[in-house]
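Here are the chains, one letter per residue:
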Amino acid sequence: MTKTRTMSLAALFAALTAIGAFLQIPVGITSITLQFLFTSLAGLLLGAKWGALSQLVYVILGLVGLPVFTQGGGPGYLLQPSMGFLLGLIPAAWIVGRLTEQKRTHGRVILACLAGLAALYAVGVPYMYAVLHLYLGRDMTLWAVVWSGMLIYLPGDALKIAAVAAVSRPMLRAVKRA
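Keep in mind the model is a prediction, meaning the values are calculated, not measured. (Residues numbered from 1 in each chain as written. Predicted model: local features only at pLDDT ≥ 70, side-chain atom pairs only at ≥ 80, totals over all residues. Heavy atoms only, no water.)

1. Looking at helix α4 (residues 106–135)
Three or four residues apart is the spacing at which side chains of an α-helix point the same way, because the helix has 3.6 residues per turn. Over its 30 residues, α4 runs 42 Å from end to end, which matches the ideal 44 Å to within 8%, given 1.5 Å per residue. Looking at the residues trailing α4, positive phi occurs at glycine 137, about 70°. (Helix = DSSP H or I, 4+ residues; strand = E, 2+ residues; numbered from the N terminus. Expected span 1.5 Å × (residues − 1).)

2. A short note on the layout of surface pockets
Reported here for the largest pocket is a volume of approximately 370 Å³. Around the largest pocket, the lining is made up of 24 residues, and of these Thr30, Ser31, Thr33, Gln35 and Phe85 lie nearest the centre. For the lining of the largest pocket, a count of residues per class yields 13 nonpolar, nine polar and two charged. If you add up the space inside the second largest pocket, you get close to 190 Å³. Taken together, Met1, Arg5, Thr6, Leu45, Leu46, Gly47, Arg104, Leu172, Val175 and Lys176 make up the lining of the second largest pocket. Listed by contribution, the elements that provide at least two residues to the lining of the second largest pocket are α1 (3–22), α2 (35–63) and α6 (154–177). Looking at the lining of the second largest pocket residue by residue, the classes come out as five nonpolar, two polar and three charged. (1 Å grid on protein atoms, 1.4 Å probe; cavity = no way out; pocket = protein on both sides within 12 Å on 5 of 7 lines; lining within 4 Å. Points joined across faces, edges and corners; volume = space filled by probe spheres on them. Nonpolar A, V, L, I, M, F, W, Y, C, P; charged D, E, K, R; others polar.)

The structure is reproduced here in structure tokens:
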């Protein structure tokens, strides 16, 4: 794949992640979105470096003020409880890409997506706890944040991972051919 084509696909996945922010079901403190689906596909199709870069571009665009996050954009978004999950998209894409570089079986794709999801939550949940507890002064236990920031989203995450695994082979073939 040429560098120009890879850069174009990275920009496309940054845009798809932005669109995924607005395809949402409100639940708890944040919403179920399709962002992780597009992040996983970016890692799978572009590899670790370019997949993560696509998500970094998405986050930077939002932080400079483009309204690409579910509740807008701008530097003030750093104080939103959900910002950690947006930051977690970057290592999630890198991990999915890294774990699928050599082998892209359905099982490997699922495991890579699970590892990427774990990274997303490893960044997002502590960030959410810090913002809620330290900045907003909410008296929420860590368990309450784990419940409202992670556990209620896992069934939807499982569906997104299944969707990535289902479309992985046809999409990989299409990217190779194009």
